[in-house]
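Spelled out from the first residue to the last, the chains are:
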Amino acid sequence: MEILLSTGNWPPKAWVEGLSKSNLVSAVHVWPTESDLSNVEVLLVWKPLPAGIIELLPNLKFISSIGAGVDHLLGDSQIPLDLPVARIVDERLTGDMTNYVMMAVVMHQRNLLHVLENQKQAKWERHHYPNLRVGVMGLGELGGHLARTLSGAGFEVSGYSRSSKQIDRVATFNGADRSEFLKDLDVLVNLLPVTSETENILNKDLFGQIKPGAFLINVARGAHLDEMDLLDALEKGIISRAMLDVFKEEPLPSDHPFWGHPKITITPHIASVTTPASAMKLVLENCRRLRDGEKFLHLVDLQRGY
Ligand code: NAP
Ligand code: GLV
């Protein structure tokens, strides 16, 4: 079968080499291309979804996001509602996200930024550090693994999801329980998908319900965060510090107020990046399923939006 690959800003080389080795795949086209795409059955795409791409693919049978998120696809009217859309669920992607958030939580718990400042002045200052209650919004593939790992590492953990869940040693909340979930948190981690219900969910209403002085970690999407409300909450000390990996506009413009903010730590959307060699297995398994007429793995529910 023929695949069209559109990796956005990421180099396509590793995908092309890996996919081409499979005997399921007869051609890998890389967007942008002038070649004949009329036999392409699979579109493998990271953001943005190029304008007009779908109409060039009359034989398209299946779309896969190159990441866990599908907001770049579901929000685009080019995607036909009857086309199966899948996403990446991958051990490496999950582990990398958990490691990033664990790093952020432990840095916060040990006050590492302060310790690094002290080093510049050769200052030896020791202190006790508290245990923390960490709240994870979104208990799916990534949030669920994170909540279990945090709990295993000795943190107190709360989790919030749409449907009710039971996870060992994690206090779980859903739906209308949001204020109960938020009120005891020292750290809030956002791992929700972007949907019409979750867009701008990190706003002044939510900040008003959280334990004052909480640390915010946003590793899901910039579309979840009301940026002005965060600046206001930081100013008032409602949120003590934020670690942000994702932004409404990426790359974050160089004149954005977040860059120089003393209470914001920025990383450039690297909390967890799809590793082609690892995620390739799932993509090829879905190609096999397409060939054999079997149900795809990790399909997105287009109505639900994630
Ligand atoms: P997932 O498996 O689909 O899990 C989503 C979770 O969010 C589920 O627990 C779901 O609840 C919950 N949820 C959805 N809508 C909700 C709502 N309105 N209220 C409360 N809970 C809601 O997604 P995932 O694989 O864990 O990925 C999560 C997101 O992480 C992705 O969408 C992507 O945006 C982001 N991400 C970022 C990076 C990065 O590098 N920064 C890397 C990978 C992914 P139910 O369990 O009840 O359905
Ligand atoms: C990265 O942001 C992803 O959705 O995988």
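The paragraphs below set out a description of the structure included in this document.

Reading the values: the criteria
- Residues numbered from 1 in each chain as written.
- Chains lettered and ligands numbered in written order.
- Predicted model: local features only at pLDDT ≥ 70, side-chain atom pairs only at ≥ 80, totals over all residues.
- Heavy atoms only, no water.
- Helix = DSSP H or I, 4+ residues; strand = E, 2+ residues; numbered from the N terminus.
- Buried < 20%, exposed > 50% of the residue type's maximum accessible area, 1.4 Å probe, protein only.
- Contact = heavy atoms within 4.5 Å.
- Near = heavy atom within 4 Å.
- Polar contact = N/O pair within 3.5 Å; in protein donor to acceptor, adjacent residues only side chain to side chain.
- Areas by Shrake-Rupley, 256 points an atom, 1.4 Å probe, with all protein chains shown as cover.
- Pairing = 2+ DSSP bridges.
- Axes fitted to C-alpha atoms, helices over the stretch in contact; angles between N-to-C directions.

1. With respect to the side chain of N118
If you trace the backbone, N118 turns up in helix α4 (residues 112–120). Residue N118 is classed as buried on the basis of its relative accessible area of 4%. In this view, N118 contacts K123 and E125; residues no more than four positions away in its chain are not counted.

2. Some words on the site of ligand 1
The environment of ligand 1 is formed by 30 residues, the closest being R87, S163, K165, V219 and Y306. One nitrogen or oxygen atom from the main chain of L142 is found 2.9 Å from an oxygen atom belonging to ligand 1. The contact in question runs from an oxygen atom of ligand 1 to an N or O atom on the side chain of K165, over 2.7 Å. Bound to the protein, ligand 1 loses 92% of the 940 Å² it would expose on its own. At three residues, the largest contribution of residues to the shell around ligand 1 is made by helix α5 (residues 141–152).

3. Focus on the sheet that holds strand β5 (residues 85–86)
Note: strands within a sheet are paired through backbone hydrogen bonds, in either parallel or antiparallel orientation. The parallel open sheet is built from five strands, whose spatial order is β2-β1-β3-β4-β5. Whereas interior strands pair on both sides, the edge strands pair on one side only; in this sheet they are β2 (27–30) and β5. For strand β1 (residues 2–6) and strand β3 (residues 40–45), the ladder comprises five bridges, and the chain directions are parallel. Across the sheet, residue S6 finds its bridge partner in β3, namely V45. Of the strands in this sheet, β1, β2 and β3 touch helix α1 (residues 13–20), which is tilted by about 165° from β2.

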